[in-house]
Amino acid sequence: MIIQGKNGSVVFYFENHIVGSLPLGNRTMEDYEKQRDKLIREALEDMKLKEVKNLMWRGLHKMKDGSREDNDFICMTILCLMKFRQIDPDGDREGILVAPRRKRKRVSRS
């Protein structure tokens, strides 16, 4: 299920399947990246980088067919793995698609 915001959405795919999406509107891609960076900083306070990567990969594989409640976890995990250069954002099997919402042209009636 794709969650659409007023400015579009960010769609996440893994193993050639859409696994989650985040709305663009009240929050921007930069906001999601800041949230990702905060999550990474907090994780690295307690664990080594290799452990964090392994934990994220295991979680992603377990949750990839998850419910709507798992959506935020899956999306943040993919964003983190992209930051660690474990997932190519433009990959053919995993990555993201930023889908802006089209602006409709208003037609004036005379």
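Residue indices begin from 1 for each chain and proceed along its sequence in written order. Per-residue local features of the predicted model are confined to residues with pLDDT of at least 70, and side-chain atom pairs are confined, for both listing and counting, to 80 or more; whole-chain, interface and lining totals are unaffected and use all residues. Calculated side-chain values reflect all of the structure's heavy atoms, with hydrogen atoms and water omitted.

Take the overall build of the protein chain next. Numbering goes from the N terminus for both helices and strands, where a helix is a DSSP run of H or I of at least four residues and a strand is a run of E of at least two. When its secondary structure is counted, the protein chain shows three helices and three strands. In terms of overall dimensions, the protein chain has C-alpha extents of about 65 × 25 × 25 Å along its principal axes. Burial statistics for the protein chain: of 110 residues in total, 36% are counted as buried. When checking whether two residues touch, look at their non-hydrogen atoms; a contact exists if any pair is within 4.5 Å. Considering only contacts in the protein chain between residues 6 or more positions apart, those separated by 24 or more positions represent 58%. Carbon and sulfur atoms form 48% of the exposed surface of the protein chain, whose accessible area is close to 8100 Å². Treating the 23 positive side-chain charges of the protein chain as one cloud and the 17 negative ones as another, the clouds have centres 8 Å apart. Exposure classes here rest on a 1.4 Å probe applied to the protein chains alone. A residue is buried below 20% of its type maximum, exposed above 50%, and partly exposed in between. Values of accessible area rely on a 1.4 Å probe in the Shrake-Rupley scheme; residue burial ignores everything except the protein chains shown. Two residue types count as positive, namely Lys and Arg, and two as negative, namely Asp and Glu; His and chain ends fall outside the count. In plain terms, the charge of a residue is placed at NZ if it is Lys, CZ if Arg, CG if Asp and CD if Glu.

As a further point, take the environment of Glu42. Within the fold, Glu42 resides in helix α1 (residues 29-46). Sequence separation of Glu42 and Arg93 is 51 residues, and the distance between their C-alpha atoms is 29 Å.

Although it is not a glycine, Glu15 adopts a positive phi angle of roughly 55°. With respect to the helices and strands, the residue Glu15 is situated in the loop between β1 (8-14) and β2 (17-24). Of the residues examined, Glu15 reaches a relative accessible area of 23% and is grouped as partly exposed. Of note in this structure, Arg85 is not a glycine but carries a positive phi near 60°.

Along the chain, Ile2 turns up in the segment before β1. Residues Ile2 and Pro23 lie 21 residues apart in sequence; the distance between their C-alpha atoms is 8.4 Å. Setting aside residues no more than four positions away along its own chain, Ile2 makes contact with Ser9, Val11, Ile18 and Ser21.

What follows concerns the side chain of Asn71. In this fold, Asn71 is placed in helix α3 (residues 71-83). Throughout this description, a polar contact denotes any pair of N or O atoms lying within 3.5 Å of each other; where both atoms belong to protein, one of them has to be capable of donating a hydrogen while the other can accept it, and for residues adjacent in sequence the pair is counted only when both atoms sit in side chains. A polar atom in the side chain of Asn71 sits 2.8 Å from the backbone oxygen of Ser21.

Moving on, we come to the nonpolar core. Nonpolar cores were defined as sets of buried Ala, Val, Leu, Ile, Met, Phe, Trp, Tyr and Cys residues, with membership established by side-chain atoms within 4.5 Å. Within the largest apolar cluster, 24 residues are counted, with the highest numbers of intra-cluster contacts made by Phe12, Leu60, Ile78, Leu79 and Ile96. Looking at this core element by element, the count peaks at eight residues for α3. Filtering out sequence-adjacent residues up to four positions away, Ile96 remains in contact with Val10, Val11, Phe12, Tyr13, Met29, Ile78, Met82 and Pro89.

A helix's residues, less one, multiplied by 1.5 Å, set its expected span. With 18 residues, α1 extends 27 Å between its outermost C-alpha atoms, agreeing within 8% with the 26 Å of an ideal straight helix rising 1.5 Å per residue. The set of residues buried in α1 consists of Met29, Tyr32, Arg36, Ile40 and Ala43. Summarising the axial view, the buried residues of α1 lie within an arc of 80°, below the 170-degree limit, and thus occupy one face. Every exposed residue of α1 that faces more than 90 degrees away from the buried side is listed here: Lys34, Arg41 and Glu45. Among the structural elements, β1, β2, α2 (49-63), α3 and β3 (95-100) are those in contact with the buried residues of α1. The directions considered for the arc are those from the helix axis to the C-beta atoms.

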